[in-house]
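Read off the chains here:
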Amino acid sequence: MEQLRHRSRATLHDRLHRVRMALGLALQAGLAAGLSWLAAHELLGNPQPVFAPISAVGTLAVSVGQRFRRTIELIIGVAIGVALGDLLIYLLGTGAWQLGLVVTTAIVLTIFAGASVAIVIQAAATAVLIVTLSPTTQNLEIPRFVDALIGGGIALLVTALLLPLNPLRVINQAARPALDLLAAQLDMTAEGLRRRDRDGVQQALERLRNNKEELANFSEAIEGAKETATLSPARWHRRDELTHYAEAADPIDRAMRNSGTLIRRAVTLIEDDEPIPEPMPDAVGHLAESVRLLKHEFAVGEEPEKARERSLRAVSEAGRAYGEGVGFSGSVVIAQVRTTASDLMVASGISQDEANRWVRQAFGEQDRPSGPAEPEPAPKPPTAPPVG
């Protein structure tokens, strides 16, 4: 029962979080639907302006950052559907098999022309409407085209002027799941290294591999924020901050991938029973804390100096671990700590060359501890590979 209550609370929390994330879009869609219906009905005299609110909602429902393009595609798709529907009705008449032929033709021709999925869908849907409604509704073609234009235009108007979302808030909300995921799995890896818990580290690796949704949402949010800052005069002053976020997307993606390599090698390290110096899990834990600090400083609009300091502390601990002695997989873990720290520092707003220089200084020239002579010389300290 306790587990059931915990799951219920977690599920409710997730649902409320999704509602908060989508509330702005829901308000925009409702406002755009109502205004597009009023514009088509009151201003243009269309007694049944069904397609205008549908077009408005269809434009807003697309992934953020693509709404202007979606409006253009909406109009193109409607034009193609109207043309094909009218032509085939004129040649073949109406009926079930004619409807099937019209839809098939619309899809094949638009795909052959290299159109996007949105244009294909709009062309096919409009062709269906023309074939099924033309026998009972006269002069449907022009209102359908005008409705598409009105709906898409009002959707852009709502997005840009009437109810523009705060672009930085949108990005912060989208970045949080991606950064929380990375920090949590690095924490789990650090704890797994301390306890030599191979299964725990493997679980962190599998969870981090399933990060496509978080990264896709983050990238879409950045594109949507850039579109809002371009179209909305009220958000023009946010352009510099948005540029910083946009430049952080790629290094965060690289930090995800390099952390995946780090965690995978940590699994092998434990399986091969290699030495795990105490500073090694500390270094991974500092990386996790650097991610959390980066998320916080981004959210409050501060210069991410604390995140940079924690990244360099992770590198310093990695240098200590290397000096105490590691095996082959351990040396790869150390190298990936350096590379991931470099990625996070670039995400914080410094150049790649400067990040690499600071990482080299923090790592230092570590020597192997003295001991019995070995048949082969000790490997050189790992250096951060070029990132890009």
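None of these values were measured; they are calculated from a predicted model.

1. Concerning the overall build of the protein chain
Here is step 1: When you go through the protein chain residue by residue, the secondary structure sums to 14 helices and zero strands.
Here is step 2: Secondary structure elements of the protein chain, listed N to C terminal, follow the sequence α-α-α-α-α-α-α-α-α-α-α-α-α-α.
Here is step 3: Here the protein chain holds 388 residues, and the buried ones make up 46% of them.
Here is step 4: Carbon and sulfur atoms make up 58% of the accessible area of the protein chain, which amounts to about 19900 Å² in all.

2. Some remarks on a nonpolar patch on the surface
Here is step 1: On the surface, a cluster of nonpolar side chains totalling about 680 Å² of accessible area is made up of Leu-87, Tyr-90, Leu-91, Leu-92, Trp-97 and Leu-101.
Here is step 2: Among the elements of the structure, helix H3 (67–92) and helix H4 (96–112) are those that each provide at least two residues to the nonpolar patch.
Here is step 3: Structurally, the position occupied by Leu-91 is in helix H3.

3. Digging into the pattern of salt bridges
Here is step 1: Evaluation of the coordinates by the stated rule reveals twelve salt bridges.
Here is step 2: Arg-292 is paired through a salt bridge with Asp-187; the nearest N and O atoms lie 2.5 Å apart. In this pair, Arg-292 is assigned in helix H11 (residues 279–300) and Asp-187 in helix H7 (residues 167–195), connecting sequence segments 105 residues apart.
Here is step 3: For Arg-292, a relative accessible area of 29% translates into the label partly exposed.

4. Side note on the confidence of the model for the protein chain
Note that predicted coordinates carrying low pLDDT should not be read in detail.
Here is step 1: On average, the protein chain scores 78 in pLDDT, and the residues at 70 or more come to 74%.
Here is step 2: A low-confidence stretch, residues 366–388 (pLDDT under 50), is modelled with 34 contacts involving residues beyond four sequence positions or located in other chains.

5. Here we look at H4
Here is step 1: Between its terminal C-alpha atoms H4 stretches 24 Å, which fits the 24 Å expected from 17 residues at 1.5 Å a residue.
Here is step 2: All buried positions along H4 are accounted for by Gln-98, Val-102, Ala-106 and Thr-110. Mapping the buried residues of H4 onto a view down its axis gives an arc of 85 degrees, with all of them on the same face. Those residues of H4 that are exposed and angled more than 90 degrees off the buried face are Ala-96, Trp-97, Val-108, Ile-111 and Phe-112.
Here is step 3: One or two steps after H4, the chain reaches Gly-114, where phi turns positive at roughly 80 degrees.

6. Focus on the packing of aromatic side chains
Here is step 1: Tallied over the full model, the rule gives one aromatic pair.
Here is step 2: The cationic tip of Arg-338 hangs over the ring face of Phe-363; the distance from NZ or CZ to the ring centre is 4.5 Å.

7. Quick word on the environment of Ala-335
Here is step 1: Residue position: Ala-335 is located in helix H13 (residues 328–347).
Here is step 2: In sequence terms Ala-335 and Val-315 are 20 residues apart; their C-alpha atoms lie 9.2 Å from each other.

8. Brief notes about the environment of Ile-252
Here is step 1: By the secondary structure assignment, Ile-252 is in helix H10 (residues 239–271).
Here is step 2: Using a relative accessible area of 1% as the deciding quantity, one classes Ile-252 as buried.
Here is step 3: Along the backbone, Ile-252 and Leu-344 are 92 residues apart, and their C-alpha atoms lie at a distance of 6.6 Å.
Here is step 4: If sequence neighbours within four positions are ignored, Ile-252 has contacts with Leu-179, Phe-218 and Ala-347.

9. A look at the side chain of Arg-308
Here is step 1: Topologically, Arg-308 is positioned in helix H12 (residues 305–324).
Here is step 2: Engagement of the side chain of Arg-308 in a polar contact is seen with the side chain of Glu-303, the distance being 2.6 Å.
Here is step 3: Aside from chain neighbours lying at most four places away, what touches Arg-308 is Glu-303, Ser-348, Gly-349, Ile-350 and Trp-358.

10. Let's talk about the packing of H11 against H12
Here is step 1: Interhelical geometry of H11 versus H12 gives an angle of 170 degrees and a closest axis separation of 8 Å. By the angle between their axes, H11 is roughly antiparallel relative to H12. Seen from H11, the contacting residues are Pro-279, Met-280, Asp-282, Ala-283, His-286, Leu-287, Glu-289, Ser-290, Leu-293, Leu-294 and Glu-297; seen from H12, they are Glu-305, Lys-306, Ala-307, Arg-310, Ser-311, Arg-313, Ala-314, Glu-317, Ala-318, Arg-320, Ala-321 and Glu-324.
Here is step 2: In the contact of H11 with H12, the residues fall into ten nonpolar, three polar and ten charged.

Reading the values: the criteria
Residues numbered from 1 in each chain as written. Predicted model: local features only at pLDDT ≥ 70, side-chain atom pairs only at ≥ 80, totals over all residues. Heavy atoms only, no water. Helix = DSSP H or I, 4+ residues; strand = E, 2+ residues; numbered from the N terminus. Buried < 20%, exposed > 50% of the residue type's maximum accessible area, 1.4 Å probe, protein only. Areas by Shrake-Rupley, 256 points an atom, 1.4 Å probe, with all protein chains shown as cover. Patch = residues over 30% accessible without salt bridge, like charges linked within 9 Å, V, L, I, M, F, W, Y side chains within 5 Å. Salt bridge = Lys/Arg side-chain N within 4 Å of Asp/Glu carboxyl O. pLDDT = per-residue confidence, 0-100. Contact = heavy atoms within 4.5 Å. Expected span 1.5 Å × (residues − 1). Arc of directions from axis to C-beta. Phe/Tyr/Trp six-rings, centres within 6.5 Å; stacked < 30°, edge-to-face > 60°. Lys NZ or Arg CZ within 6 Å of the ring centre and 35° of its normal. Polar contact = N/O pair within 3.5 Å; in protein donor to acceptor, adjacent residues only side chain to side chain. Axes fitted to C-alpha atoms, helices over the stretch in contact; angles between N-to-C directions. Parallel < 35°, antiparallel > 145°, perpendicular 65-115°, else oblique. Nonpolar A, V, L, I, M, F, W, Y, C, P; charged D, E, K, R; others polar.

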